[in-house]
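# Structural description and commentary
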Amino acid sequence: MHWDRKSMSRRSSTGRNNKIEDIITKMQDDKTGGVPIRTVKSFLSKIPSVVTGTDVVQWLMKNLSIEDPVEAIHLGSLIAAQGYIFPISDHVLTMKDDGTFYRFQAPYFWPSNCWEPENTDYAIYLCKRTMQNKARLELADYEAENLARLQRAFARKWEFIFMQAEAQVKIDRKKDKTERKILDSQERAFWDVHRPVPGCVNTTEMDIRKCRRLKNPQKVKKSVYGVTEESQAQSPVHVLSQPIRKTTKEDIRKQITFLNTQIDRHCLKMSKVAESLIAYTEQYMEYDPLITPAEPSNPWISDDVALWDIEMSKEPSQQRVKRWGFSFDEILKDQVGRDQFLRFLESEFSSENLRFWLAVQDLKKQPLQDVAKRVEEIWQEFLAPGAPSAINLDSHSYEITSQNVKDGGRYTFEDAQEHIYKLMKSDSYARFLRSNAYQDLLLAKKKPESEQGRRTSLEKFTRSVSSLSVAFPHEKSERAEHKACRCLVCLHGWFAMAMWLRTPRSCQGLSEARPLGPPSLHDGLREGSGIPSLSVSFEAWLLCG
Amino acid sequence: MSPRHRQMATEALHENETLASLKSEAESLKGKLEEERAKLHDVELHQVAERVEALGQFVMKTRRTLKGHGNKVLCMDWCKDKRRIVSSSQDGKVIVWDSFTTNKEHAVTMPCTWVMACAYAPSGCAIACGFKQFSCLSLPSSWDYSGLDNKCSVYPLTFDKNENMAAKKKSVAMHTNYLSACSFTNSDMQILTASGDGTCALWDVESGQLLQSFHGHGADVLCLDLAPSETGNTFVSGGCDKKAMVWDMRSGQCVQAFETHESDINSVRYYPSGDAFASGSDDATCRLYDLRADREVAIYSKESIIFGASSVDFSLSGRLLFAGYNDYTINVWDVLKGSRVSILFGHENRVSTLRVSPDGTAFCSGSWDHTLRVWA
């Protein structure tokens, strides 16, 4: 069975479900394989016009292509809770996959008729139930409580309610016995929807944002029992808070302009778009914790926050470093990545570009009152003649920017920022990815050390340096001469320093042979036949250990 | 003719046009636009995705249940720290939780108020609430819309036990009808709001000043989402006019619009690359729209799903779309293949709000059953 567009498009402005009504109608249709509706013999009486839960569930599975019975039962329960089908022997509106009997609700009582029955109607109903001396019509506990409450609330007009109830009983008595059974049950089911059993979901509750667009905005309160409410004060009704604005010529002209712009837009073919979406998703799937289990574990599943602790540490994992290479935005998004990139640019003496970009991002985050000042600061630092961190803009962009600066708004540097972004992306970023700094991080197989571990190593190192100068013969001043020193002291110092230097910054430092860390030790170790081999193995250890 | 010339010629012609002829012109342009787009529709996403490996069996469970609201939960948002969340309910209560421990860290109750929207500031130091406040004298029935205030307020989060959270509240936005959504931009200093008055607006938090307003929806705006790009200045909104519209935050202009849903759009969310976005609607479908194709590229629906989708969000890679529905369930969709991967039961009433956590390790759903659940 396939829903045709027409049935799907019957937009329900009430938020009520026309789809349910279609299903319910089809379910009752003999000709198209509906659920078998039977009269069942029971003891001395007959139970007219019922279906079994199993039949309903089976029908739903077959006709709505549902594979899992759990799903079908859930849907059946919802249809019941909305008031379209009900169990004949229970106030609680739910569906079971067994021989329990259900009856279809009369269309008169369907929710789409915009019922909002008053408490007076409910009072009449409960009252008349007490007048009918039948076991099956006995009030449930919650109904008795409701009745008591209503009697207190309507104390003054109880005589009126009583009379109405009596009138209803008279009308009911005139009906055929079987018809009455059916109607009574449908009426009860109606009240089960509008005055549900405590603890059950009240499905008549509506989304407060959508209330006012109901099909019956005039809210003509109709009574179930034909009672007119003159005494009830009309509560102020706001049909629509906004008058519907009529479409003007200007509106259509704007629309025409918009449509023309869209027609001229250059769009991609679906095949290209599909490839792009697939490529992006496939690239990131290993990073998606709900698809690829997170390492060491997903905190929500294991109750262990190790994953978050690792991410907080300044040392990026290999996986994280790899992600910086996916796109320029990726490295800009990650604080640690940005720092690495900045350091790289500093080494090339072109950090002003990134600093400008960051400054403009920051400008856009400022409160209104601070914007003008920041614009001036950025201009002075990066663009004014003689600026300390002058960035390179083409003359056209420079012209636009200097014009904008006069107004000093948050979008003053948009054009310039875009230029610099493109420049960094095509030039510096590409080179960064090829740089030793990045490649070393990428190839690192070491496990990221926790903050605690690193501090301890640092402590160890500083302690060892001071202990070296005190306890051992290699005085600070002498160490410079110990170029080929392989004594235990120096080795110990190396170990400790190596531990301390196990950060990306130091990796970079080591690989580019830049002095880092206490000069005394390092100086002594830079040259000399013995040490290079030592330092190579240490470096290797640093990167692989 | 260049676009500009065509536009000028069109405008000149329209001086003396009647409304009817303008409408028919618009209709014919719509037809032409559809024609042009159709030419590029050479294949379906799910067809190309046939070569993609199918996802394995999905076992997602509720890992945390947050109880504390006394009424329907209407909205929630994650803090950037990946564990704190803010949630708001129809009885005026706003709670900040450490959802990992399920501890409540802050709470404020606004009497006679429906708090329909809430958001966490990027710094984690403040929250925003979009609400409709009534005079306490007239209790609202489902019909009475004579409410007084439709505002968005920002509350700094303080850990001083003596300080009342409401003390330093800042009133930021004002609309002429209910606030349906609010979101900070990438700064604590700006807030974007969507309203039942049919507009969206960008506000400066410090001064409460309106920075930009966005007009174009023909009915209530129900949802919005900011583009994830580092450099982007756009956002998408969805409304009761069945339209999803993409806006330029600088100019206030609508740059793209999509109208294929058959009922209210309750939720919109960008695909993580920012090139597409998903929507959830009362027509019981979710759809994917691509900005480069300027077209709907996928529809997520089933015959057995007949209740509206209230909120949608993507998993980190964009492969999964989680959608909460008015039938109390959450359906998990394979975005590329278009098939449903899983159905999650648990909530006992409508799912009203759903967001994936900032690092994608879990998602949180809020419901009319007064609870929030974190799933992983």
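Residues numbered from 1 in each chain as written. Chains lettered and ligands numbered in written order. Predicted model: local features only at pLDDT ≥ 70, side-chain atom pairs only at ≥ 80, totals over all residues. Heavy atoms only, no water.

An unreviewed UniProt entry annotates chain B as Guanine nucleotide-binding protein subunit beta-5 of Papio anubis. Entered under Sequence similarities (unreviewed entry) in the UniProt record, the comment concerning chain B runs "Belongs to the WD repeat G protein beta family." (UniProt positions renumbered as here; feature names shortened; annotations may be inferred.)

Looking up chain A in an unreviewed UniProt entry gives the name Regulator of G protein signaling 6, with the organism given as Papio anubis.

Turning next to the interface of chain B and chain A. By convention, interface size is frequently given as the accessible area that disappears when the constituent parts associate. Facing the 121 residues of chain B at the interface are 103 residues of chain A. Both faces combined, the contact of chain B with chain A buries some 10200 Å², and carbon together with sulfur accounts for 60% of it. Along the contact surface separating chain B from chain A lie seven salt bridges. K82 of chain B is paired through a salt bridge with E311 of chain A; the nearest N and O atoms lie 2.7 Å apart. In this assembly, chain B and chain A are joined by 35 residue pairs in polar contact (both at pLDDT 80 or more). Sorting elements by how many residues they give to the side of chain B that touches chain A places helix α2 (residues 19–39) of chain B first, with 10 residues. (Contact = heavy atoms within 4.5 Å. Buried area = accessible area lost by both parts, 1.4 Å probe. Salt bridge = Lys/Arg side-chain N within 4 Å of Asp/Glu carboxyl O. Polar contact = N/O pair within 3.5 Å; in protein donor to acceptor, adjacent residues only side chain to side chain. Helix = DSSP H or I, 4+ residues; strand = E, 2+ residues; numbered from the N terminus.)

Here the UniProt-annotated "repeat: WD" (unreviewed entry) positions come out as residues 66–98, 172–213, 214–257, 258–299, 311–343 and 344–376 of chain B. Secondary structure content for residues 258–299 of chain B is 0% helix and 55% strand, while the C-alpha to C-alpha distance between its ends is 13 Å.

Residue and element names in this part refer to chain B. With four bridges connecting them, strand β16 (residues 244–248) and strand β17 (residues 254–258) associate as antiparallel partners. Paired with M245 across the bridge in β17 is A257. Between β16 and β17, which pair antiparallel in sequence order, lie five residues; one of them, G252, sits at a positive phi of approximately 80°. (Pairing = 2+ DSSP bridges.)

With that settled, the discussion passes to the sheet that holds β16 of chain B. All names here are of chain B. Taken together, four strands build an open sheet; the order of strands is β14-β15-β16-β17 and the sheet is antiparallel. For this open sheet the edge positions go to β14 (221–226) and β17, each flanked by a neighbour on one side alone. Going from strand to strand, the sheet's axes swing by 20° on average, the running direction of each strand aside. As paired strands, β14 and strand β15 (residues 234–239) are joined by five bridges and run antiparallel to one another. In the sheet register, D225 faces β15, and the bridge partner there is V236. (Axes fitted to C-alpha atoms, helices over the stretch in contact; angles between N-to-C directions.)

What follows is about the packing of aromatic side chains. Residue and element names in this part refer to chain B. Here the structure, examined in full by the defined rule, presents 42 aromatic pairs over all chains. On the basis of an interplanar angle of 85° and a centroid distance of 4.8 Å, the ring pair of F214 and F235 is categorised as edge-to-face. Here F235 lies in strand β15 and F214 lies in strand β13 (residues 210–215), a separation of 21 residues in the sequence. Looking at F214, the relative accessible area reads 0%, which means it is buried. (Phe/Tyr/Trp six-rings, centres within 6.5 Å; stacked < 30°, edge-to-face > 60°. Buried < 20%, exposed > 50% of the residue type's maximum accessible area, 1.4 Å probe, protein only.)

Taken together, the buried positions of helix α20 (residues 436–443) of chain A are occupied by A437, Y438 and L441 of chain A. Along the axis of α20 of chain A, the buried positions cluster into a sector of 95°, meaning they face one direction only. (Arc of directions from axis to C-beta.)

So, on to the nonpolar core. Residue and element names in this part refer to chain A. Ranked by size, the top nonpolar core spans 35 residues in total, and within it F328, I331, F341, F356, L383 and F413 carry the most contacts. Secondary-structure elements contributing two or more residues to this core are α13 (318–324), α14 (328–333), α15 (335–347), α16 (351–364), α17 (368–383), α19 (414–434) and α20. Counting residues per element, this core draws most heavily on α19, at seven residues. Once you skip the residues sitting within four places of it in the chain, F413 turns out to touch F356, V360, L363, V375, I378, W379, L383, T401 and V405. (Core = buried A, V, L, I, M, F, W, Y, C linked by side-chain atoms within 4.5 Å.)

All names here are of chain A. In the contact formed by α15 and α16, the axes pass within 7 Å of each other and the chain directions differ by 140°. Taken together, the axes of α15 and α16 are oblique relative to one another. Within the contact between the two elements, α15 uses R338, F341, L342, L345 and E346 and α16 uses S351, L354, R355 and L358. Its residues placed into classes, the contact of α15 with α16 shows five nonpolar, one polar and three charged. (Parallel < 35°, antiparallel > 145°, perpendicular 65-115°, else oblique. Nonpolar A, V, L, I, M, F, W, Y, C, P; charged D, E, K, R; others polar.)

Topologically, R319 of chain B is positioned in the loop between β22 (309–314) and β23 (320–325). Judged by its relative accessible area of 0%, R319 of chain B is buried. Within polar-contact distance, the side chain of R319 of chain B engages the backbone oxygen of E53 of chain B at 3.2 Å. Each residue touching R319 of chain B, except ones within four places of it in the same chain, is listed here: T281, M285 and I291 of chain A together with V52, E53, A54, L55, W333, D334, V335, L336 and K337 of chain B.

This paragraph deals with the sheet that holds strand β9 (residues 170–174) of chain B. Pairing between the strands of a sheet comes from backbone hydrogen bonds, and it takes one of two forms, parallel or antiparallel. Residues and elements named next belong to chain B. The strand order across the open sheet formed by four strands is β6-β7-β8-β9, and the pairing between neighbours is antiparallel. The open sheet has two free edges, formed respectively by β6 (113–120) and β9, since each of these has just one partner strand. For this sheet the average axis-to-axis angle between neighbouring strands, irrespective of direction, equals 25°. With eight bridges joining them, strand β7 (residues 126–133) and strand β8 (residues 149–156) adopt antiparallel strand pairing. Residue pairing for β8: A126 is matched across the bridge by P156.

On average, chain A scores 80 in pLDDT, and the residues at 70 or more come to 73%. Note that residues 445–458 of chain A has pLDDT below 50 and, in this model, 25 contacts with residues that lie over four places away or in other chains. (pLDDT = per-residue confidence, 0-100.)

Here we take up the UniProt feature "domain: RGS" (unreviewed entry) in chain A. The positions that UniProt labels "domain: RGS" (unreviewed entry) are, in the present scheme, residues 327–442 of chain A. Taken as a whole, residues 327–442 of chain A contains 78% helix and 0% strand, while its terminal C-alpha atoms sit 15 Å from one another.

Let us look at unusual backbone geometry. A negative phi angle characterises most non-glycine residues, just as the trans form characterises most peptide bonds. Here E295 of chain A and P296 of chain A are connected by a cis peptide whose omega angle stands at 0°. With respect to the helices and strands, the residue P296 of chain A is situated in the loop between α10 (270–284) and α11 (299–302). With a phi close to 50°, S65 of chain A is a non-glycine residue in the positive phi region. Structurally, S65 of chain A can be placed in the loop between α3 (53–63) and α4 (69–82). Overall, S65 of chain A belongs to the partly exposed group, its relative accessible area being 44%. For C112 of chain B, which is not glycine, the phi dihedral falls at a positive 55°.

All names here are of chain A. Among all positions in α3, only G53, V56, V57, W59, L60 and N63 are buried. End-on, the buried residues of α3 take up no more than an arc of 160°, which puts them together on one face. Residues of α3 that are exposed and angled more than 90 degrees away from the buried face: Q58 and K62. Where α3 is buried, its residues meet α2 (18–27), β2 (45–52), α4, β3 (85–87) and β4 (101–104). Just beyond α3, the residue with positive phi is S65, at close to 50°.

Before going further, it helps to spend a moment on the packing of α16 of chain A against α17 of chain A. All names here are of chain A. The contact between α16 and α17 brings their axes to 10 Å, and the two run at 175°. Comparing the axis directions of α16 and α17 gives the class roughly antiparallel. In this structure, α16 contributes E352, R355, F356, A359, V360, D362 and L363 to the contact, and α17 contributes V371, R374, V375, I378, E381, F382 and L383. Residues that form the contact of α16 with α17 fall into these classes: nine nonpolar, no polar and five charged.

As annotated by UniProt and renumbered to match this structure, "domain: DEP" (unreviewed entry) occupies residues 31–106 of chain A. End C-alpha to end C-alpha, residues 31–106 of chain A measures 20 Å, and it is 33% helix and 26% strand.

Here the focus is the pattern of salt bridges. In total, this model carries 45 salt bridges over all chains according to the counting rule given. A salt bridge links D172 of chain A to K175 of chain A, with the shortest nitrogen-to-oxygen separation between them at 3.5 Å. Judged by its relative accessible area of 6%, D172 of chain A is buried. One salt bridge connects R84 of chain B with D81 of chain B, and the closest N-O pair in it is separated by 2.6 Å. The partly exposed category is assigned to D81 of chain B, whose relative accessible area is 27%. When salt bridges that share partners are traced, they join D77, D225, R269, D313 and R355 of chain B into one network.

Glancing now at the environment of Q212 of chain B. Residue and element names in this part refer to chain B. Inspection of the secondary structure puts Q212 in strand β13. For Q212, a relative accessible area of 18% puts it in the buried group. Remark: the alpha-carbon pair of Q212 and C200, spanning 12 residues in sequence, is separated by 8.6 Å. The contacts of Q212, once residues within four sequence positions are left out, are C200, A201, L202, M249, R250, S251 and G252. Separated by 2.9 Å, the side chain of Q212 and the backbone oxygen of R250 make a polar contact.

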